[in-house]
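Next come the chains, spelled out residue by residue.
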Amino acid sequence: MLDILIKNGKIYNGLGGKPYKKNIGIKDDRIEIITSNEPPAHKLIDAIDLAISPGFIDMHSHTDFSINDNPKAESKVMQGITTEVVGMCGFSAAPVNEKYFDDLMDYFTNTIALSKEDKLRWRWKNLYEFYEEIEKKGISVNLAPLLGYGTLRIACSGFSHIPNALLPEQQKKILYQIEKEMEAGIWGISSALEYPPCSYCDVEEIANACKIVKRFNGIYSTHMRNENGRKVFTSLKEAIKVAQISGVNLEIAHLKVAGKEGWGKAPEILNRIHQERKRGIEINADQYPYTAWGSGILDFLPKEMVYKGINYWRNYLLKKENRKGIIRFIKNNLDGPEKGMGWEEIIIANTKIKNNEVIVGKSIHELSIIRKIEPEELIIDLLIEKEGYVKLIVFCMKEEDIKTILKDSLVMIGSDGRAVSPYGKFSNVHFHPRYYGTFPRILGKYVREEKVISLPEAIRKMTYMPATKIGLRDRGQITEGAFADIVIFNPQTVIDNATFENSHRFSSGIREVLVNGKLVVEGGKLTSSLPGKFLRRK
Ligand SMILES: [Zn+2]
């Protein structure tokens, strides 16, 4: 007898074709049968008037930095996400080298503030070990991890001191470690060339790493060196060069046109990507559907200063005579988070010091008026007060570019967010709404309301396409024998509810979510089951 029979729904199989009506029978963790009959089952799910899709695959996730505290991945499964590709933007939880532990914690500062307890347990020797432990504890979603090149580089050569090339033995160590992790089942590597230590890397260093990845048919996801204005073209060229040299399967992370100078340039960028496709480069991109991006306040400082670690830059800023120079730098730096948008467009999202509420949600402009100082002065004060951890939300993109990118056949969907929940450890933290809303927003706003793309095409971008890109077998499609990762939703009502003012809101319209044949969302409510797996590349 079947475990579950889903009947009366419209099946979107993930490949982009027209939907059809049939019943889906599930046994254990697989789709056993797709049929017009009604074979007996222990549980019946009536999906009349609803869409049935393969579970969504979040192509760009940072859940590896919250899964220890949110194993139920609430903000993700409530979007219909069943698999997350993690270890993005050069960040992964491991490997950790005791010798450079403080350097690693420095590296994480601009992204996530780790508590004392976090730091105590943050000792995983390699990535494989980290995911085995997570899986054993139980998780609701499947995780397909990449190795963050920044984390790896720190484990092999440290962080704070020298923005220079690696020593030969350090280079060897890095390549050896990539090989070991790939053998253990990791799916590829990621970089964020905008931030140290990845920003120290030249094309040759990354290409050498990618040659190993290529041997295992893994992917290389890159947060490019500069996404601002026209500089995005130079960055894209660099990413393509790496793929040309190494032959690696390339993924451009959170593709966007940021800053007014670049607005309207999306067609030109996509054109370039398609040209490279025609030349044989395996290149794709992912996107989140919002006009604001997330940044950290450290991005205002000169990079070489950040390289030297918190003790260095904090002491530097504390000296009165240094302030003028930094203020001038912030004013003239077009590559800073402000991107020529104006201080009203930068909202403070989170800081690690208590009494957040006084400043969280305010723009830099507003707060500078309240404190009666110039915005640049305020930035310096906040850097010192909050020890470098202030997350910012910056409105810097144009809606039209977002739609153009979404329409492109080579673009997938990624939240660029962690799994969090409205209760527990992260509940007081103000996040970018993409953590809760990315996938339903595509289905509600961009498919149903604005008709930018069709529903089958949107689903393909969320399922079969990412599964094929990273090489996940038997996932991302509804077919007999595939894993029963399934989402049942109402195409007439599905929508995101999280906003920039109130990010901790679940989406509407997602009714059932199954991971490996088990319900993690039922009747629109979370169940407590933890059927997720650490997916190993085979
Ligand atoms: Zn990134």
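Below is a summary of the structure that appears in this document. Predicted, not measured: the structure shown is a model, and the values here were computed from it. (Residues numbered from 1 in each chain as written. Predicted model: local features only at pLDDT ≥ 70, side-chain atom pairs only at ≥ 80, totals over all residues. Heavy atoms only, no water.)

Observations concerning the overall build of the chain
What the chain contains, in helices and strands, is 18 helices and 23 strands. Against the compact-globule benchmark of 24 Å for 538 residues, the chain has a radius of gyration of 23 Å, which places it among compact chains. Looking at the chain as a whole, 63% of its 538 residues are labelled buried. Sequence-distant contacts, at least 24 apart, represent 78% of the contacts inside the chain between residues at least 6 apart. If you average the places of the 77 positive and of the 68 negative side-chain charges in the chain, the two averages end up 1 Å apart. (Helix = DSSP H or I, 4+ residues; strand = E, 2+ residues; numbered from the N terminus. Rg over C-alpha atoms; globule rule 2.2 N^0.38 Å. Buried < 20%, exposed > 50% of the residue type's maximum accessible area, 1.4 Å probe, protein only. Contact = heavy atoms within 4.5 Å. Lys, Arg positive; Asp, Glu negative; His and termini not counted. Charge placed at Lys NZ, Arg CZ, Asp CG, Glu CD.)

Notes on the nonpolar core
One broad trend across soluble globular proteins is that nonpolar side chains are buried collectively. Of all hydrophobic cores here, the largest spans 157 residues; its most connected members are Phe108, Trp122, Tyr149, Ile178 and Phe489. For this core, the element with the most residues is helix H8 (residues 231-246), which contributes seven residues. Those residues in contact with tryptophan 122 that lie beyond four places of it in its chain are Phe65, Ala93, Val96, Phe101, Leu104, Met105, Phe108 and Leu114. Ranked by size, the runner-up nonpolar core spans 17 residues in total, among them Ile4, Ile52, Ile478 and Ile488. (Core = buried A, V, L, I, M, F, W, Y, C linked by side-chain atoms within 4.5 Å.)

Observations regarding the packing of helix H11 (residues 310-318) against helix H14 (residues 375-385)
Following both chains from N to C, one finds H11 and H14 inclined at 130 degrees, their axes separated by 10 Å at the closest point. Considering the angle they form, H11 stands oblique to H14. In this structure, H11 crosses over H14, and the sense of that crossing is left-handed. Counting all contacts with H11, which are made through Trp313, Arg314, Leu317 and Leu318, the residues of H14 involved are Ile380, Leu383 and Ile384. Taken together, the residues that form the contact of H11 with H14 break down as six nonpolar, no polar and one charged. (Axes fitted to C-alpha atoms, helices over the stretch in contact; angles between N-to-C directions. Parallel < 35°, antiparallel > 145°, perpendicular 65-115°, else oblique. Left-handed = near helix turned anticlockwise from the far one by under 90°. Nonpolar A, V, L, I, M, F, W, Y, C, P; charged D, E, K, R; others polar.)

Examining the environment of valine 494
Of note, valine 494 is situated in the loop between strand E20 (486-489) and strand E21 (510-515). Here the alpha-carbon distance between valine 494 and methionine 78, two residues 416 residues apart in the chain, equals 11 Å. Once residues lying within four places of it in the same chain are set aside, the contact partners of valine 494 are Pro440, Leu443, Gly444, Arg448, Phe489, Ser508, Gly509 and Ile510.

Digging into the pairing of strand E10 (residues 142-145)
With burial as the criterion, each face of E10 is covered, one bearing Asn142 and Ala144 and the other bearing Leu143 and Pro145. As paired elements, strand E9 (residues 81-86) and E10 share four bridges and run parallel to each other. Considered in E10, the bridge of glutamate 84 is made with leucine 143. (Pairing = 2+ DSSP bridges.)

Quick word on the sheet that holds E10
The strands that make up a sheet are held in pairs by hydrogen bonds between backbone atoms, and each pair lies either parallel or antiparallel. Strand order in the open sheet formed by three strands is E8-E9-E10, and the pairing between neighbours is parallel. Unpaired on one side and paired on the other, strand E8 (56-58) and E10 mark the two borders of the sheet. Across the sheet, the mean angle separating the axes of adjacent strands is 20 degrees when strand polarity is ignored.

Section: the side chain of asparagine 284
Structurally, the position occupied by asparagine 284 is in strand E15 (residues 283-287). Asparagine 284 gets classed as buried once you look at its relative accessible area, which sits at 6%. A polar atom in the side chain of asparagine 284 sits 2.9 Å from the side chain of lysine 469. Setting aside chain neighbours within four positions, we find asparagine 284 in contact with Leu250, Glu251, Ile252, Arg277, Leu410, Met412, Met465 and Lys469. (Polar contact = N/O pair within 3.5 Å; in protein donor to acceptor, adjacent residues only side chain to side chain.)

Thoughts on the coordination of the zinc ion
Donor atoms from the polypeptide that coordinate the zinc ion comprise Cys89 (SG), His223 (ND1) and His254 (NE2), at 2.1 to 2.3 Å from the metal. For the zinc ion, the single-chain donor residues occur in sequence as C-x133-H-x30-H. Of this pair, cysteine 89 sits in the loop between E9 and helix H2 (101-108) while histidine 254 sits in the loop between strand E14 (249-252) and helix H9 (266-278), placing them 165 residues apart in sequence. In this pair, the class of cysteine 89 matches that of histidine 254, namely buried. (Donors = N, O, S within 2.8 Å, 3.2 Å for Na, K, Ca; no water.)

Remarks on unusual backbone geometry
Between alanine 94 and the following residue, proline 95, the backbone shows a cis peptide bond with an omega angle of 5 degrees. Here proline 95 lies in the loop between E9 and H2. Residues proline 196 and proline 197 are joined by a peptide bond in cis, for which omega reads 0 degrees. By the secondary structure assignment, proline 197 is in the loop between strand E12 (188-192) and helix H7 (203-215). Located in the positive-phi region is asparagine 8, a residue other than glycine, with phi close to 70 degrees. Relative to the helices and strands, asparagine 8 resides in the loop between strand E1 (2-7) and strand E2 (10-11). One non-glycine residue, aspartate 416, lies in positive phi territory at about 55 degrees. Topologically, aspartate 416 is positioned in the loop between strand E19 (411-413) and helix H16 (434-449).

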